[in-house]
Amino acid sequence: MSEWVELNMGPQHPSTHGVLRLKIKVEGEIVREVEPVIGYLHRNAEKLCENTFFCDNLLYFDRMDYVGAPGMEVGYLEAAEKLLGVPPPERAIWIRTIMAELSRIASHLVWLGAYGLDLGMLTPFFYAFDLREKIMTIFVEASGSRLLTNYCSIGGVYQDFNEKIVQEIEDFINIAPSKIEELNSLFVKNDIFISRTKGIGYMSKEVAIDYGVTGPMLRASGVEYDVRKAEPYLAYSKVNFEIPVSSKGDNLARFLVRIEEMRQSVKIISQAIKKLPDGPFFNPKAKKSMMIRMRGEGEVYARTEASKGEFGVYIVGDGGVKPYRVRVRSPSLKNLSVLREIGKNVMIADLVAISGTTDLVFGEIDR
Amino acid sequence: MKTGEPGLITTTLEKALEWGRSNSIWPLTFGLACCAIEMMAVQASKVDISRFGSEIFRSSPRQSDLMIVAGTVTKKMAPRVKRLYDEMPYPKYVIAMGVCVIQGGPYVEGYSVVLGVDRVIPVDVYVPGCPPTPEALTYGIMTLQKKIRGENTR
């Protein structure tokens, strides 16, 4: 056995997407062991949720997966509204569906741009962020904030969709498919990109299931599982869409699954905006003066499909105005844990390409 | 009016140096949390930071002049922030981006968050917001340029 050298990647490293630290053991150029070290962004959000009113906890959930904030809000509210017994009206459900899908596209676009940078492509970054700015204008119009929207609230949404927002979303639906095609061709027509992703970072079906991997990573390994289909929430049972699945299980498959997911999200939004019903956007039981007095007792668990995978929220209430315990099942953490398995016996440069496809967001992993 | 004669400017060496320095601030690629996404948006096509001479985000602290601390600094991360700052060559500047970096923000009551990065490293410009918009960060960089040139920043 030749000598193994221990190397340290991160926490400040251009390709770690935040503050991931990888302890790697290399034999020449080949990585023999990977050990992810996390906790550099531990902001104790779960603990702080116990000291805050049910309605205010949304703020910590926004800051978990900060690239797709409305998707996190939806996940928390699925659980909190079940506990507090204030279901949202029909219009709010459709509005939330639209916001969640927009955030999924925004999240995948950030990932695409960053993945290009990982592999040394600068151009796709500008194309991805150009399209993302269109989504940000919609978020600003709806909620007043670009990134951390805090748009959904218990029993409905913060404010109604007006004509201008509907118009902007329709404009987005018109331009998005061609822009996504453009982005896709920037990647898949590039020989260097194909040779760095095809057949690299293979993850088998069994490994994916064993490690609890969810989301696009699981679907790229050939498992057709999506919470939106398996256990429909919001308005997903009333719209037509398909789950993209690939059996290849390599980096390229994960890339293609995410591209196809963006296309399907555009499809969902275009159906939802046509079906958007009239009516109240807020449950009168949850009006602003009542908000901080709402009490919840019992245990609930709700799961949703966030942009990274299955996002579960478990809340225990002891009859008070604040939750007794909040626990989050974060998809990125499970997707990161599999890196130990698929990052073995690859070149150092390929490790960057593999850890890029796991789509890590550290607000959610460390919480 | 073009006369064909070479133009002449009289200035001090310090002024010329400050002018050059203020228009070529290279930031460090150093994203910690949510604000990093807005920092990426500043680099992207809508709010183009390269108009101010800061387009090249360097990955190594030894090649950069400016550290944009974008995101919550935790107690585990603080020694690394200090070390990165120490590795940067003089003259070096720090922008504290976002309310978490300024005083702790929404996590001020938490047990693992450093209440302001200025407890670890000196800060030149504070950009408040949660997260600040790309325009706000651009304004912060312009304020830093003014500060480098020795102008009044108020």
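If you're wondering where the values come from, they're calculated on a predicted model, not measured in any experiment. (Residues numbered from 1 in each chain as written. Chains lettered and ligands numbered in written order. Predicted model: local features only at pLDDT ≥ 70, side-chain atom pairs only at ≥ 80, totals over all residues.)

Help me out: how do you make sense of the overall build of chain B in this one?
Looking only at helices and strands, one finds five helices and three strands in chain B. Counting from the amino terminus, helix and strand elements in chain B follow one another as α-α-β-α-β-α-β-α. Structurally, chain B occupies a C-alpha span of about 70 × 30 × 30 Å along its principal axes. Buried residues in chain B amount to 43% of all 154 residues. Here the analysis covers contacts within chain B between residues at least 6 apart in sequence; of these, 78% occur between residues at least 24 apart. (Helix = DSSP H or I, 4+ residues; strand = E, 2+ residues; numbered from the N terminus. Buried ≥ 20, exposed ≤ 12 C-beta atoms within 10 Å, placed from the backbone. Contact = placed C-beta atoms within 7 Å.)

Would you mind showing me how to read the overall build of chain A here?
When you go through chain A residue by residue, the secondary structure sums to 15 helices and nine strands. Taking 2.2 N^0.38 as the reference for a compact globule, 367 residues should give roughly 21 Å; the C-alpha atoms of chain A span a radius of gyration of 21 Å, in line with that estimate. The C-alpha extent of chain A, read off along each of the three principal axes, is 70 × 45 × 35 Å. Here chain A holds 367 residues, and 54% of them are scored as buried. (Rg over C-alpha atoms; globule rule 2.2 N^0.38 Å.)

I would appreciate a short explanation of the sheet that holds strand β2 (residues 21-27) of chain A in the present structure.
Sheet strands pair via backbone hydrogen bonds, and the direction of the pair is either parallel or antiparallel. All names here are of chain A. Ordered in space as β1-β2-β3-β9, the four strands form an open sheet in which the pairing is antiparallel. Pairing within the sheet leaves two strands with one partner each, and these edge strands are β1 (5-9) and β9 (346-347). Of the pairings in the sheet, the one linking strand β3 (residues 30-37) to β9 comprises two bridges and is antiparallel in character. Bridge pairing in β9 places Ile 30 opposite Met 347. (Pairing = 2+ DSSP bridges.)

Even after reading the chapter, I still don't get the interface of chain A and chain B, so can you show me in this structure?
Put simply, an interface is often sized by how much accessible area is lost when its parts join up. At the interface, 30 residues of chain A touch 29 residues of chain B. Elements that contribute at least two residues to the side of chain A that touches chain B include exactly α1 (45-49), α2 (58-62), α5 (123-143) and α15 (362-365) of chain A. Of the residues forming the side of chain A that touches chain B, the biggest block, five residues, is contributed by α5(A). A class-by-class count of the residues in the side of chain A that touches chain B yields 17 nonpolar, seven polar and six charged. (Nonpolar A, V, L, I, M, F, W, Y, C, P; charged D, E, K, R; others polar.)

When you look at the packing of helix α4 (residues 90-118) of chain A against helix α11 (residues 251-275) of chain A in this model, what are you seeing that I'm missing?
Residue and element names in this part refer to chain A. One way to put it is that α4 packs onto α11 with a least axis distance of 9 Å and a crossing angle of 155°. Here α11 runs roughly antiparallel to α4, going by the angle between their axes. When the axes of α4 and α11 are compared, the crossing they make is left-handed. Note on element contacts: α11 touches α4 through Arg 258, Glu 261, Met 262, Ser 265, Ile 268, Ile 269, Ala 272, Ile 273 and Lys 275, opposite Trp 94, Thr 97, Ile 98, Glu 101, Leu 102, Arg 104, Ile 105, His 108 and Trp 111. Partitioned by chemical class, the residues of the contact of α4 with α11 number 10 nonpolar, three polar and five charged. (Axes fitted to C-alpha atoms, helices over the stretch in contact; angles between N-to-C directions. Parallel < 35°, antiparallel > 145°, perpendicular 65-115°, else oblique. Left-handed = near helix turned anticlockwise from the far one by under 90°.)

Is there a simple way to think about the sheet that holds strand β7 (residues 310-318) of chain A in this case?
All names here are of chain A. Spatially, β6-β7-β8 is the arrangement adopted by the three strands of the open sheet, whose pairing is antiparallel. This sheet does not close on itself; its edge strands, each paired only once, are β6 (297-305) and β8 (323-329). Averaged over all pairs of adjacent strands, the angle between strand axes in this sheet comes to 10°, irrespective of strand direction. Here β7 pairs with β8 via six bridges, running antiparallel. Note on β8: the bridge partner recorded for Tyr 314 is Arg 327. Sitting on the sheet, helix α3 (residues 69-84) touches β6 and β7, and the angle it makes with β6 is about 150°.

Any chance you could explain the environment of A:Asp210 here in plain terms?
Residues and elements named next belong to chain A. Looking at where Asp 210 falls in the secondary structure, it is placed in helix α8 (residues 205-210). For Asp 210, a count of 11 C-beta atoms within 10 Å gives the class exposed. For the pair formed by Asp 210 and Asp 366, sequence separation is 156 residues and the distance between their alpha carbons is 22 Å.

Even after reading the chapter, I still don't get unusual backbone geometry, so can you show me in this structure?
Keep in mind that most residues, glycine aside, have a negative phi and that most peptide bonds are trans. Residues and elements named next belong to chain B. Residue Tyr 90 is joined to Pro 91 through a cis peptide bond whose omega torsion reads -10°. If you trace the backbone, Pro 91 turns up in the loop between α3 (78-87) and β2 (93-97). With omega at -10°, the peptide bond leading from Cys 130 into Pro 131 counts as cis. Note that Pro 131 resides in the loop between β3 (125-127) and α5 (134-148).

How should I be thinking about the nonpolar core in this particular structure?
Side chains that are nonpolar tend, in soluble globular proteins, to be buried together. In this structure, B:Val69, B:Ala96 and B:Met97 are the most contacted members of the largest nonpolar core, which totals 159 residues. Element by element, the count of residues in this core is highest for α4(A), at 16 residues. Excluding residues that lie within four positions of it along the chain, B:Met97 makes contacts with B:Cys35, B:Met39, B:Ile68, B:Val69, B:Ala70, B:Val127, B:Pro132 and B:Leu137. (Core = buried A, V, L, I, M, F, W, Y, C linked by C-beta atoms within 7 Å.)

Honestly, α5(A) in this entry has me stumped. Any pointers?
Within an α-helix, residues lying three or four positions from one another point in the same direction, as the helix has 3.6 residues per turn. Counted at 1.5 Å a residue, the expected span for α5(A) with its 21 residues is 30 Å, and the 30 Å between its end C-alpha atoms agrees. Where α5(A) terminates, the next one or two residues include A:Gly144, which has phi positive at roughly 95°. (Expected span 1.5 Å × (residues − 1).)

Sorry if this is basic, but what is going on with the pairing of strand β1 (residues 66-70) of chain B here?
The side chains of a regular strand alternate, residue by residue, between the two faces of the sheet. Residues and elements named next belong to chain B. Of all the five residues making up β1, five are buried; the element is thus mostly covered by neighbouring parts of the structure. Along β1, one buried face is formed by Leu 66, Ile 68 and Ala 70 and the opposite face, lined by Met 67 and Val 69, is buried too. In this structure, β1 lies alongside β2, joined through five bridges in parallel fashion. For Ala 70, the partnering residue across the bridge sits in β2 and is Met 97. A crossover links β1 with its parallel partner β2, the connecting element being α3, and its sense is right-handed. (Right-handed = clockwise from strand over helix to strand, strands pointing away.)

Help me understand the pairing of β3(A), please; the structure alone is not making it clear to me.
Residue and element names in this part refer to chain A. Alignment of β2 against β3, held across seven bridges, turns out to be antiparallel. Within the sheet, the bridge partner assigned to Glu 27 lies in β3 and is Ile 30. The hairpin formed by β2 and β3 contains two residues between the paired strands, and Gly 28 there has a positive phi angle of roughly 70°.

How should I be thinking about the confidence of the model for chain B in this particular structure?
Low pLDDT marks stretches whose predicted atomic positions should not be read closely. Confidence in the prediction of chain B, expressed as mean pLDDT, is 86, and 97% of residues score 70 or more. Interface confidence for the predicted complex, expressed as ipTM, amounts to 0.85; the pTM equals 0.90. (pLDDT = per-residue confidence, 0-100.)

Honestly, the packing of α5(A) against helix α6 (residues 163-188) of chain A in this entry has me stumped. Any pointers?
Each pair of packed helices can be described by the angle between their axes along with the distance between the axes. All names here are of chain A. For the pair α5 and α6, the least separation of the axes is 10 Å and the interaxial angle reads 165°. As far as their axial angle goes, α6 and α5 are roughly antiparallel. For the pair α5 and α6, the crossing hand works out as left-handed. Packed against α5, whose contacting residues are Thr 123, Pro 124, Tyr 127, Ala 128, Leu 131, Lys 134, Ile 135, Thr 137, Ile 138, Glu 141 and Ala 142, the element α6 presents Lys 164, Ile 165, Glu 168, Ile 169, Phe 172, Ala 176, Lys 179, Glu 182, Leu 183, Leu 186 and Phe 187 at the interface. For the contact of α5 with α6, the per-class residue count stands at 14 nonpolar, two polar and six charged.

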